[in-house]
Amino acid sequence: MLCVDIHHHFFPTDLNKAVSNQKLGWKAPKGTLPWSPEVSIKAMDASGIDIAVLSLPALYMGSVCEENRAVARQRNITMASITTWMVSQLAKGQLGI
């Protein structure tokens, strides 16, 4: 049976997720930070997850302004590059799927 993770977060490096987790007392599964596509796939494989729907976590970034638009745009560009990388890896048969 196919296992799909429909709540799989992407953490851009500028979030410094390990530090924010420590400040808030949150825990991420061991070995999953800092986040990268390779780390994510390894964690998925270890958990028996076949497919993940990748999304940004909900973030409060203040008001609508040019700076926040630029951050959002950069994160969208990063997500697009991750998607391109994943498709190329699938095409090469590199992901073991």
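The structure presented is a predicted model; accordingly, all values stated were derived computationally and were not measured.

*Asks:* I'd like to hear about the nonpolar core, residue by residue, with values.
*Replies:* By size, the foremost hydrophobic cluster in this structure holds five residues: Phe10, Phe11, Trp35, Met79 and Ile82. Leave out the neighbours within four places in its chain, and Trp35 touches His9, Phe10, Phe11, Ser40, Leu54 and Ile82.

*Asks:* Please set out the pattern of salt bridges residue by residue, giving values where relevant.
*Replies:* In the structure shown here, the tally under the stated rule is two salt bridges. Put simply, Arg75 and Asp14 hold a salt bridge, and the shortest N to O gap is 2.5 Å. Placement of the pair is Arg75 in helix α3 (residues 66-92) and Asp14 in the loop between β1 (4-9) and α1 (17-24), with a sequence separation of 61 residues. A salt bridge links Glu66 to Arg69; the shortest N-O distance between them is 2.9 Å. Here the residue Glu66 and the residue Arg69 both occupy positions in helix α3, the gap between them amounting to three residues, near one helical turn. Judged by relative accessible area, which is 45%, Arg69 ranks as partly exposed.

*Asks:* Could you give an account of the environment of Ile77, naming the residues involved and the relevant values?
*Replies:* Inspection of the secondary structure puts Ile77 in helix α3. Separated by 10 residues in sequence, Ile77 and Glu67 place their C-alpha atoms 15 Å apart.

*Asks:* If you had to explain the packing of helix α2 (residues 37-47) against α3 to someone new, which residues and values would you point to?
*Replies:* Where α2 contacts α3, the two axes come as close as 11 Å, and the packing angle between them is 60°. Here α2 lies oblique to α3, going by the angle between them. For the pair α2 and α3, the crossing hand works out as right-handed. Within the contact between the two elements, α2 uses Pro37, Glu38 and Ile41 and α3 uses Ile82, Trp85 and Met86. For the contact of α2 with α3, the per-class residue count stands at five nonpolar, no polar and one charged.

*Asks:* Now, about the packing of aromatic side chains: what can you tell me, with residues and values included?
*Replies:* Under the criterion given, the structure shown has one aromatic pair. Ring centres of Phe10 and Trp35 lie 5.1 Å apart, and the angle between their planes is 75°; this geometry places the pair in the edge-to-face category. Here the residue Phe10 occupies a position in the loop between β1 and α1, and Trp35 occupies one in the loop between α1 and α2, the gap between them amounting to 25 residues. Neither residue differs from the other here; Phe10 and Trp35 are each classed as buried.

*Asks:* Which residues make up a nonpolar patch on the surface, and what values do they have?
*Replies:* Side chains of Leu2, Val4, Ile6, Ile51 and Val53 sit close together on the surface and give an oily, nonpolar patch of about 480 Å² of accessible area. Put simply, the parts of the chain that give the nonpolar patch at least two residues each are β1 and β2 (51-55). Among the secondary structure elements, Leu2 is positioned in the segment before β1.

Cut-off values and rules
- Residues numbered from 1 in each chain as written.
- Predicted model: local features only at pLDDT ≥ 70, side-chain atom pairs only at ≥ 80, totals over all residues.
- Heavy atoms only, no water.
- Core = buried A, V, L, I, M, F, W, Y, C linked by side-chain atoms within 4.5 Å.
- Buried < 20%, exposed > 50% of the residue type's maximum accessible area, 1.4 Å probe, protein only.
- Contact = heavy atoms within 4.5 Å.
- Salt bridge = Lys/Arg side-chain N within 4 Å of Asp/Glu carboxyl O.
- Helix = DSSP H or I, 4+ residues; strand = E, 2+ residues; numbered from the N terminus.
- Axes fitted to C-alpha atoms, helices over the stretch in contact; angles between N-to-C directions.
- Parallel < 35°, antiparallel > 145°, perpendicular 65-115°, else oblique.
- Left-handed = near helix turned anticlockwise from the far one by under 90°.
- Nonpolar A, V, L, I, M, F, W, Y, C, P; charged D, E, K, R; others polar.
- Phe/Tyr/Trp six-rings, centres within 6.5 Å; stacked < 30°, edge-to-face > 60°.
- Patch = residues over 30% accessible without salt bridge, like charges linked within 9 Å, V, L, I, M, F, W, Y side chains within 5 Å.
- Areas by Shrake-Rupley, 256 points an atom, 1.4 Å probe, with all protein chains shown as cover.

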